[in-house]
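Listed below, chain by chain, are the residues.
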Amino acid sequence: MVLTLDRLNAAAPDEFVALLDGIYEHSPWVAQAAAPMRPFRTLAQLKRALVVAVREAGRERQLALIRAHPELAGKAAVAGELTAESTGEQSRAGLTHCTPEEFARLQQLNADYNAKFGWPFILAVRGPRGTGLTRAEIIATFERRLANHPDFEFAECLRNIHRIAEIRLNDRFGFVPRQGEQVWDWAEQLARHSDPGFAEQGQLTVTYLTAAHRACARQLEAWMRECGFDEVHQDAVGNVVGRYHGTDPDARMLLTGSHYDTVRNGGRYDGRLGIFVPMACVQALHRAGRRLPFGIEVVAFSEEEGQRYKATFLGSGALVGQFDMAWLDQTDADGITLREAMTQAGLRIEDIPALRRDPARYLGFVEVHIEQGPVLDELDLPLGVVTSINGGVRYLGEIVGMASHAGTTPMGRRRDAAAAAAELCLYVERRAAQDGDSVGTVGMLEVPGGSINVVPGRCRFSLDLRAPNDAQRDRLAADVLAELARICERRGVQYRIEEAMRAAAAPSAPPWQARWERAVEALGLPVYRMPSGAGHDAMKLHEVMPQAMLFVRGGNAGISHNPLETITADDAQLCVDAYTQLLEQLAAEPQP
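Asker: Can you tell me about the overall build of the protein, naming the residues and giving the values?
Answerer: Across its full length, the protein holds 22 helices and 16 strands. Taken along its principal axes, the extent of the C-alpha atoms in the protein is 75 × 70 × 45 Å. Looking at the protein as a whole, 54% of its 592 residues qualify as buried. Relative to all contacts within the protein whose residues are 6 or more apart in sequence, the contacts with residues 24 or more apart total 77%. Distance between charge centres in the protein, computed from 63 positive and 77 negative side chains, equals 2 Å.

This is the structure in structure tokens:
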């Protein structure tokens, strides 16, 4: 019998716990703690309540919850002593059909893991889509997580327990995240296209106008047509544009989308998620034969990452009239100019100026994006509402001291350029932390011609300083530069510093941020507001129209620009649901 929220909400406390028996392994106290949080309007709200119950339980109970779970292919599995839920999950992952070598490896990993951490390894073996990880994927994850710090691994076990519980709840309620699975599948299928040299290694790299990039564009065009878009085309810079008209074809449009190029050896969801989510929404509208009072224009931006040419935001920049024709003479690593690459791809360079959008024809721009950071994952929150895209400034600098003999130069008489740079690194760390939401990074640190027995006479470094608004960014930069001057004066060294880049912050338009917040609330989830430390296409559109973004958590501690970047089909479904809520809000508002 399929469980319903109505039945769960109406149940007496003991019945409530019984109805959720087995969701959290041998731990009825989780349901007991969640029962007073009723009524639950959505399944997502129930899932969150159970997460909160565990988060508030304290470490002793959390540890007991972890230890209540069996080892993978362990003694209990061999003896047939697992719960029905665990038996099914391990069986579906093929752990009951291990080769002798796989079984031996898992036994050794279990032993090593328990010896290091003192609890069993927990992994949601049904994986991010719910269909199961392979034994090879399970073993690789096991091996990777053995290197984690105990505190991090403790939290990672709990996160996997919540994922196990989520899948079990889906089964109990008969819920399938169909649109989330579609988004997840699109991402997997598009990742089949990768540049030469990376594809052979199983790595995802799609740089501007390569064969893989053009294959992605063709695939996106095909999918948009299948979804029911009224118009689909590739424009003069390689953007794939799909338009779904409103009830009045001349009505203003909601502009949305993200980029489909990637960094080298990147992840499947960075940028691409923001294309697939609105595609899924248009697909649902088309299948329902429904039009909204406004149109929807989804743009799969062709370039954002700046991997092949120095110019970045070529896709979204063209829409705001910022494509600099001087960029056409830039060359890639093989000496191919941007002009040549665009001509070879069949793009009409002369049509680029016409890509500029008239803001009066649009309601605004919204973008869904993977967070690319650990915050939502650590909070066990699937969605976050972006308050601002951080403004940033970058510098390239060099400190010049005096190279001298490492053995004969007394400590008090050294003019050590690297030590001065190290002191600056620590100051950047302290100063950025004072603001709470500022960040500062010394990403490059180099001692040219350094030697093990020479006091460094030169040290080159970079500075990357970011904050949610320009004034905060500028205060941070001023303090860092002033401290650099003080450090160098005190140490008797010289310095040179050059500003390499400055980007304005892009605060979310309050009415559009509020729409995302109401959308998240409608799903029964708490609203979590956060800045975006990374740049996005929304930064460019911000210059001509109101914009706001929605973040979804990434698994594996939110890692991005990395093959380990991941989301779940359930979280993708929540993105689609939130986006649908935003569309419904707009449809209910008086149209300008």
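After presenting the structure, the write-up continues.
Asker: I'd like to hear about the pairing of strand β2 (residues 240–244), residue by residue, with values.
Answerer: Where burial is concerned, most of β2 is hidden: five out of the five residues are buried. Burial along β2 is two-sided: Val-240, Gly-242 and Tyr-244 facing one way and Val-241 and Arg-243 facing the other are all buried. Here strand β1 (residues 231–234) pairs with β2 via four bridges, running antiparallel. When the bridges of β2 are listed, His-233 appears paired with Val-241. What sits between β1 and β2 in their antiparallel hairpin is a turn of five residues, with Gly-238 showing a positive phi close to 95 degrees.

Asker: Can you break down the packing of aromatic side chains residue by residue, with the values?
Answerer: The full count for this structure, using the stated rule, is 13 aromatic pairs. Among the aromatic residues, those joined into a ring-pair cluster are Tyr-113, Phe-117, Trp-119, Phe-121, Phe-142 and Phe-154. For Arg-59, the ring lying beneath its charged end belongs to Phe-154, and the centroid distance is 3.8 Å. Its end group placed over the ring of Tyr-244, Arg-291 keeps NZ or CZ at 4.4 Å from the ring centre.

Calculation notes
In this numbering scheme, every chain counts its residues from 1 along its sequence in written order. In keeping with the model being predicted, local features are shown solely for residues with a pLDDT of at least 70 and side-chain atom pairs are shown and tallied solely at 80 or more, while totals for entire chains, interfaces and linings include all residues. Only hydrogens and water are removed before side-chain values are computed, so all heavy atoms of the structure are retained for them. Helix numbers and strand numbers start at the N terminus; a helix is a DSSP run of H or I with at least 4 residues, a strand a run of E with at least 2. Buried means the residue's accessible area, taken with a 1.4 Å probe over protein chains only, is under 20% of the maximum for its type, while exposed means over 50%, and partly exposed covers the values in between. In what follows, a contact means two residues having at least one pair of non-hydrogen atoms within 4.5 Å. Neither His nor the chain ends is counted toward charge; the positive residues are Lys and Arg and the negative residues Asp and Glu. One atom stands in for each charge, and that atom is NZ of Lys, CZ of Arg, CG of Asp or CD of Glu. When DSSP finds two or more bridges between a pair of strands, those strands are recorded as paired. Paired rings are identified among Phe, Tyr and Trp, the last through its six-membered ring, by centres lying within 6.5 Å, and are further divided according to the angle between planes into stacked (under 30 degrees), edge-to-face (over 60) and tilted (the rest). Only Lys NZ and Arg CZ are tested; either one counts as a charge over a ring when it is within 6 Å of the ring centre and within 35 degrees of the ring normal.

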